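# Structural characterization, general
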Amino acid sequence: GAGVSQSPSNKVTEKGKDVELRCDPISGHTALYWYRQSLGQGLEFLIYFQGNSAPDKSGLPSDRFSAERTGGSVSTLTIQRTQQEDSAVYLCASSKGQDVDEQYFGPGTRLTVT
Amino acid sequence: AQTVTQSQPEMSVQEAETVTLSCTYDTSENNYYLFWYKQPPSRQMILVIRQEAYKQQNATENRFSVNFQKAAKSFSLKISDSQLGDTAMYFCAFMKRHSGNTPLVFGKGTRLSVIA
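Now for a look at the structure at hand.

This next bit is on the state of the cysteines. Residue and element names in this part refer to chain A. Counted by the stated rule, this structure contains 2 disulfides over all chains. A sulfur-sulfur distance of 1.9 Å marks the disulfide that ties Cys 23 to Cys 92. Torsion about the S-S bond of the Cys 23 and Cys 92 cystine: about -65°, corresponding to left-handed handedness. In this pair, Cys 23 sits in strand β3 (residues 19–24) while Cys 92 sits in strand β8 (residues 88–95), placing the two residues 69 residues apart along the sequence.

Listed below in structure tokens is the structure:
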């Protein structure tokens, strides 16, 4: 079946502009995660959705970052007033939401802020 | 908070040889899981192997095996009979056990090059 998809694959934006990154999880997966991978760093957790529960936003680095998940499926990560330090690969993952299911990752969106 | 440390930023190995990637972690949790993920140049993260902390037996998946030392908080990955397709970034990750999933905590990765 189809895996996790993300769009766009690459995004170049000017400092100060807003960007939206999209994630389509695997159908039926109730858990969805956003991670950020900066150059030379491991993956850093940003936000986590589980079913209808309130999202875990504890990893968001600033109030310029927000995310929503509509209808328990597609998710959008929004970065307002982008800064150069926001340049990174943003990875989305989904899982069935049961006890320690494998997280399936999308190919990521490479964001470059000029 | 949990931390994961991978002390080898880069490694290389000859094709068909064996290589071991190191990972240590710090946690006060008793129930947790450990993972190794592979990230080739395509950026796609692929699960290589996982280990439940409550199991003493080391996990194996074909050419991949782990050496899990719970008391030492060490979780190394051994790749046997290395192949050119094993060239990738390898990330060690920690997940505390909870009802439902929790986010993964990753190390900074080890870049492995398999040389022909």
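After that view of the structure, there is still more to cover.
All names here are of chain B. Using the criterion set out here, one finds 7 salt bridges over all chains in the structure. Across the pair Arg 50 and Glu 52 runs a salt bridge, and its minimum N-O distance is 3.5 Å. The buried category is assigned to Glu 52, whose relative accessible area is 13%.

The subject of this paragraph is the interface of chain A and chain B. With 27 residues of chain A in contact, the opposing surface of chain B contributes 22 residues. Buried area between chain A and chain B, both sides added, is near 2,000 Å², and the carbon and sulfur share of it is 48%. The interface formed by chain A and chain B includes 0 salt bridges. Where chain A meets chain B, there are 7 residue pairs in polar contact (both at pLDDT 80 or more). Mapped onto the side of chain A that touches chain B, the elements with two or more residues apiece are β4 (31–37), β5 (43–50), β8 and β10 (109–113) of chain A.

Right, let's get into the pairing of β10(A). Residue and element names in this part refer to chain A. Because side chains alternate across β10, one face comprises the buried residues Thr 109, Leu 111 and Val 113, and the other comprises Arg 110 and Thr 112, none of which is buried. Two elements, strand β2 (residues 10–13) and β10, share 4 bridges in a ladder whose sense is parallel. Within the sheet, the bridge partner assigned to Val 12 lies in β10 and is Thr 112. As defined by bridge partners, β8 adjoins β10 across 3 bridges and the pair is classed as antiparallel. Its bridge partner lying in β10, Tyr 90 is registered against Thr 109.

One pass over the structure, following the stated rule, counts 15 aromatic pairs over all chains. Aromatic side chains Tyr35(A) and Phe45(A) sit 6.3 Å apart centroid to centroid with 65° between the ring planes, which places their arrangement in the edge-to-face category. Of the two residues, Tyr35(A) sits in strand β4 while Phe45(A) sits in strand β5, which places them 10 residues apart along the sequence. Residue class for Tyr35(A) comes out buried when judged on its relative accessible area of 0%. Seen from their ring centres, Phe35(B) and Tyr37(B) are 6.2 Å apart, and the 40° between their planes marks the pair as tilted. This pair shows no difference in class: Phe35(B) is buried, exactly as Tyr37(B) is.

Conventions used here
- Residues numbered from 1 in each chain as written.
- Chains lettered and ligands numbered in written order.
- Predicted model: local features only at pLDDT ≥ 70, side-chain atom pairs only at ≥ 80, totals over all residues.
- Heavy atoms only, no water.
- Disulfide = S-S within 2.5 Å.
- Helix = DSSP H or I, 4+ residues; strand = E, 2+ residues; numbered from the N terminus.
- Salt bridge = Lys/Arg side-chain N within 4 Å of Asp/Glu carboxyl O.
- Buried < 20%, exposed > 50% of the residue type's maximum accessible area, 1.4 Å probe, protein only.
- Contact = heavy atoms within 4.5 Å.
- Buried area = accessible area lost by both parts, 1.4 Å probe.
- Polar contact = N/O pair within 3.5 Å; in protein donor to acceptor, adjacent residues only side chain to side chain.
- Pairing = 2+ DSSP bridges.
- Phe/Tyr/Trp six-rings, centres within 6.5 Å; stacked < 30°, edge-to-face > 60°.

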